[in-house]
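Read off the chains here:
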Amino acid sequence: MKAAVVHSFDAPPRYEDFELPPLHGPDDVSVDVLAAGLHPRVRSGASGTHYAADRVLPMIPGIDAVGRLANGRLVYCVVHDTPYGTMAARVVADRRRCVPLPDGIDEAIIAAGMNPGMSSWIALRLRAPLQPGQRVFVLGATGNAGRMAIQIAKLLGAGRVIGAGRAIGRLDSSGADEVVSLVGDPNSVGAAIANAASESDIVIDYLWGQPASNAMMAMLSARRDRSQPINWIQIGSVAGPTMALPSVALRSTNLRVMGSGQGSVPVEAIVTELPRLADELIAGRIPVDALRVPLSQVEKTWNAPVPAGRRVVLVP
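Definitions and cut-offs
- Residues numbered from 1 in each chain as written.
- Predicted model: local features only at pLDDT ≥ 70, side-chain atom pairs only at ≥ 80, totals over all residues.
- Heavy atoms only, no water.
- Helix = DSSP H or I, 4+ residues; strand = E, 2+ residues; numbered from the N terminus.
- Rg over C-alpha atoms; globule rule 2.2 N^0.38 Å.
- Buried < 20%, exposed > 50% of the residue type's maximum accessible area, 1.4 Å probe, protein only.
- Contact = heavy atoms within 4.5 Å.
- Areas by Shrake-Rupley, 256 points an atom, 1.4 Å probe, with all protein chains shown as cover.
- Core = buried A, V, L, I, M, F, W, Y, C linked by side-chain atoms within 4.5 Å.
- Expected span 1.5 Å × (residues − 1).
- Bend = angle between axes of the 7 residues up to and from the residue.
- Pairing = 2+ DSSP bridges.
- Right-handed = clockwise from strand over helix to strand, strands pointing away.
- Salt bridge = Lys/Arg side-chain N within 4 Å of Asp/Glu carboxyl O.
- Polar contact = N/O pair within 3.5 Å; in protein donor to acceptor, adjacent residues only side chain to side chain.
- Patch = residues over 30% accessible without salt bridge, like charges linked within 9 Å, V, L, I, M, F, W, Y side chains within 5 Å.

1. Structural notes on the overall build of the protein chain
Now for step 1: The helix and strand inventory of the protein chain stands at eight helices and 15 strands.
Now for step 2: For 316 residues, the compact-globule estimate of 2.2 N^0.38 gives 20 Å, and the protein chain sits close to it at 20 Å.
Now for step 3: Considered along the principal axes of its C-alpha atoms, the protein chain spans approximately 60 × 40 × 35 Å.
Now for step 4: When burial is assessed residue by residue, the protein chain has 51% of its 316 residues classed as buried.
Now for step 5: Long-range contacts, defined as pairs at least 24 residues apart, comprise 71% of the intrachain contacts of the protein chain with a sequence gap of at least 6.
Now for step 6: For the protein chain, the exposed surface amounts to about 13900 Å²; the carbon and sulfur share of it is 51%.

2. Comments concerning the nonpolar core
Now for step 1: Residues Tyr76, Val136, Val138 and Ile204 are the most contacted members of the largest nonpolar core, which totals 50 residues.
Now for step 2: Of all the secondary structure elements, the ones that give two or more residues to this core are strand S5 (74–78), helix H2 (107–127), strand S8 (135–139), helix H3 (144–155), strand S11 (202–205), helix H7 (267–282) and strand S15 (310–315).
Now for step 3: In terms of residue count, the dominant contributor to this core is H2 (eleven residues).
Now for step 4: Non-local contacts of Ile204, meaning those with residues more than four positions away in its chain, are made with Ala123, Leu124, Val136, Phe137, Val138, Leu139, Ala149, Ile233 and Ile235.
Now for step 5: In this structure, Val79, Val293, Val312 and Leu314 belong to the second largest nonpolar core, which totals 32 residues.

3. Regarding H7
Now for step 1: With 16 residues, H7 extends 23 Å from end C-alpha to end C-alpha; this agrees with the ideal 22 Å at 1.5 Å per step.
Now for step 2: Of all the bends in H7, the greatest reaches close to 30° and is centred on Leu274; the proline Pro275 follows between one and four positions later.
Now for step 3: Listing the buried residues of H7 in full gives Ile270, Val271, Glu273, Leu274, Leu277, Ala278, Glu280 and Leu281.
Now for step 4: Check the buried side of H7 and you find it contacts S5, strand S7 (98–100), H2 and H3.

4. Structural notes on the pairing of strand S12 (residues 230–234)
A regular strand carries its side chains on alternate faces of the sheet.
Now for step 1: Counting buried residues in S12 gives five out of five residues, a clear majority hidden from the surface.
Now for step 2: Side chains Ile230, Trp232 and Gln234 of S12 all project onto a buried face; the interleaved residues Asn231 and Ile233 project onto the opposite face, where all are buried too.
Now for step 3: Pairing between S11 and S12: four bridges, direction parallel. Paired with Val203 across the two strands is Trp232, which belongs to S12.
Now for step 4: In the classification by handedness, the crossover that spans S11, the intervening helix H5 (residues 209–222) and the parallel S12 is right-handed.
Now for step 5: Sheet topology places S12 next to strand S13 (residues 255–259); five bridges connect them, and they run parallel. Residue pairing across strands places Ile233 opposite Met258, the latter belonging to S13.

5. Details of the pattern of salt bridges
A side chain of one charge can pair with a side chain of the opposite charge if their charged atoms are brought near each other.
Now for step 1: Taken as a whole, this structure holds 13 salt bridges when the rule is applied.
Now for step 2: Its salt-bridge partner being Glu16, residue Arg14 comes within 3.4 Å of it at the nearest N-O pair.
Now for step 3: In this structure, Arg160 engages Glu178 in a salt bridge whose closest nitrogen and oxygen atoms are separated by 2.5 Å. Placement of the pair is Arg160 in strand S9 (residues 160–165) and Glu178 in strand S10 (residues 178–181), with a sequence separation of 18 residues.
Now for step 4: Bridged by salt links that share partners, the residues Asp27, Asp94, Arg95 and Arg96 form one connected network.

6. So, H2
Now for step 1: For H2, which comprises 21 residues, the first-to-last C-alpha distance of 28 Å matches the rise-based estimate of 30 Å (1.5 Å per residue) to within 8%.
Now for step 2: The largest bend in H2 is about 40°, located at Met118.
Now for step 3: Measuring from the side-chain oxygen of the N-cap residue of H2 to the backbone nitrogen of Ala108 gives 3.1 Å; that N-cap residue is Asp106.

7. Some details on a nonpolar patch on the surface
Now for step 1: On the surface, a nonpolar cluster with roughly 220 Å² of combined accessible area is contributed by Leu245, Leu250 and Val257.
Now for step 2: Looking at where Leu250 falls in the secondary structure, it is placed in helix H6 (residues 247–251).

Honestly, it's all geometry; don't read function into it.
Listed below in structure tokens is the structure:
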């Protein structure tokens, strides 16, 4: 079959022939791939930098896809962490990780939206379950996943959602109740964050690093009642893999810091949430702008710039 194949962690995958291993487990199924998203998680796995990457070469990148089973059923599938991912004509998937989809939908929308939407959906459903009316602060909201996090928080019942990022013009139609620019000197940015988001109940953090450290201390220092719990959910590390966390932040406030990603939630629990997320995407309540690219163009597309707000989906 044809597939995108990675031979070096320092180079984009190439479109070439690849022999997929046969089915070997009782729950293995063959899925004819119709659309696979080129997510940041896919790029980091193909470069060997993701914490869950196997670093086995050659490999086919891709962690999820929309495709058809042998019986014709349309499904969304999440694959195991193996060298045989979804950017291929076919993929071997576990039937227990396949979510049935209705015929007639736009496969690219599901392939583009499930992975980034899953990040905040799982965080707000399973890591720090959102209660109706609670306030949510999205740090790093101007990226695709961050913008979706605003919409998902609203769908799940948040009473107020504040988004912060560098290109806040991208949040004009996001549904955020308030936006904060992260551009400027740290003191001014910290004051703006404290004013807008200090009473938040949940923080969805896609940045980490110094911006997260600055935002955290500004918010905690300004809280009216420091005994009220605030759940800080770390999802991405765009601004850096580490951050300074003064001990006083943990002793003087009711701060709970946790992560949400592979390993922090059982796969079975994640899969249970996927049908509802798929329903929201299909209904258009979480807008997604998918840029369809032929799989044969994967090498040229891999590191090419993508227009803001769009998500690349590789199709046969």
